[in-house]
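Chain and residue survey
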Amino acid sequence: MAFFKSGENREKHLQQVQEFLFEGEQVNHTYGLSSDFVALTNKRMIYVGKLPLSKQIQVTTIPYSKIEEIGFEITGTFSLTNKINVITKAGKHELEFDKAANIKEFYINLSKHICQ
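Okay, so let's go over this structure. From a predicted model like this one, the values you see are computed outputs, not experimental measurements.

Glancing now at the pattern of salt bridges. One pass over the structure, following the stated rule, counts two salt bridges. Between Glu25 and Arg44 there is a salt bridge, and its shortest N-O distance comes to 2.6 Å. In this pair, Glu25 sits in the loop between α1 (10–18) and β1 (27–32) while Arg44 sits in strand β3 (residues 44–50), placing the two residues 19 residues apart along the sequence.

Structure below.
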């Protein structure tokens, strides 16, 4: 598991997510999570994560039109992460951000996409 702070490895994230983009899709933002990263494009949210104790990568795509609800949880002083919950008909997707990450910025950017 890789741990990085908000804003770190942006270039690495942009390189990694390129192979999952389709023609005309552009990355607007990337955010480091406690386990890899999430990208917001002009079309969808893409979560790229490594499976624990494995070299396998998990990629999850959620079109903005399928997101029904989002919420965030800022945890206590002794916690290492803050969480954003993305709710779709398929279920709840929990994203764990490093404590130093700006989850309010992520929340606002994601909200802009799903409310358009």
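So, next bit.
A separate point is the layout of surface pockets. It is a probe the size of a water molecule, rolled over the atoms, that shows where empty space is left. By volume, the largest pocket amounts to about 280 Å³. Lining the largest pocket are 16 residues, and of these Ser35, Tyr47, Gln58, Glu94 and Leu95 lie nearest its centre. Classifying every residue of the lining of the largest pocket gives eight nonpolar, five polar and three charged.

Turning to the packing of aromatic side chains, a few remarks are in order. Per the stated rule, a full pass over the model turns up three aromatic pairs. Measuring from ring centre to ring centre gives 5.1 Å for Tyr31 and Phe106, while their planes differ by 85 degrees; the resulting arrangement is edge-to-face. Placement of Tyr31 in strand β1 and of Phe106 in helix α2 (residues 103–114) is noted, with a sequence separation of 75 residues between them. Phe106 matches Tyr31 in its accessibility class, with the two residues each being buried. A connected cluster of aromatic rings, assembled from ring pairs, spans Tyr31, Phe97 and Phe106.

Conventions and cut-offs
Going along each chain's sequence as written, the residues are numbered from 1 onward. Given that this is a predicted model, residues contribute local features only at a pLDDT of at least 70 and side-chain atom pairs are listed and counted only at 80 or more, while totals for whole chains, interfaces and linings are drawn from all residues. Calculated side-chain values reflect all of the structure's heavy atoms, with hydrogen atoms and water omitted. The rule for a salt bridge is simple: a side-chain nitrogen of Lys or Arg has to be within 4 Å of a carboxyl oxygen of Asp or Glu. A run of H or I in DSSP becomes a helix once it reaches four residues, and a run of E becomes a strand once it reaches two; helices and strands are each numbered from the N terminus. Put simply, the grid is 1 Å and covers the protein atoms alone, a cavity is a trapped set of points that fit a 1.4 Å probe, a pocket is an open set with protein on both sides within 12 Å along at least five of seven lines, and lining residues have an atom within 4 Å of a point. Grid points are joined across faces, edges and corners, and a volume is the space filled by probe spheres set on the points. Amino acids outside the nonpolar list (Ala, Val, Leu, Ile, Met, Phe, Trp, Tyr, Cys, Pro) and the charged list (Asp, Glu, Lys, Arg) are all regarded as polar, and Gly is one of them. Any two rings among Phe, Tyr and Trp, with Trp reduced to its six-membered ring, count as a pair given centres within 6.5 Å; such a pair is stacked if its planes are under 30 degrees apart, edge-to-face if over 60, and tilted if neither. Exposed residues in this analysis have more than 50% of their type's maximum accessible area, buried residues have under 20%, and partly exposed residues fall in between, with area computed by a 1.4 Å probe over protein chains only.

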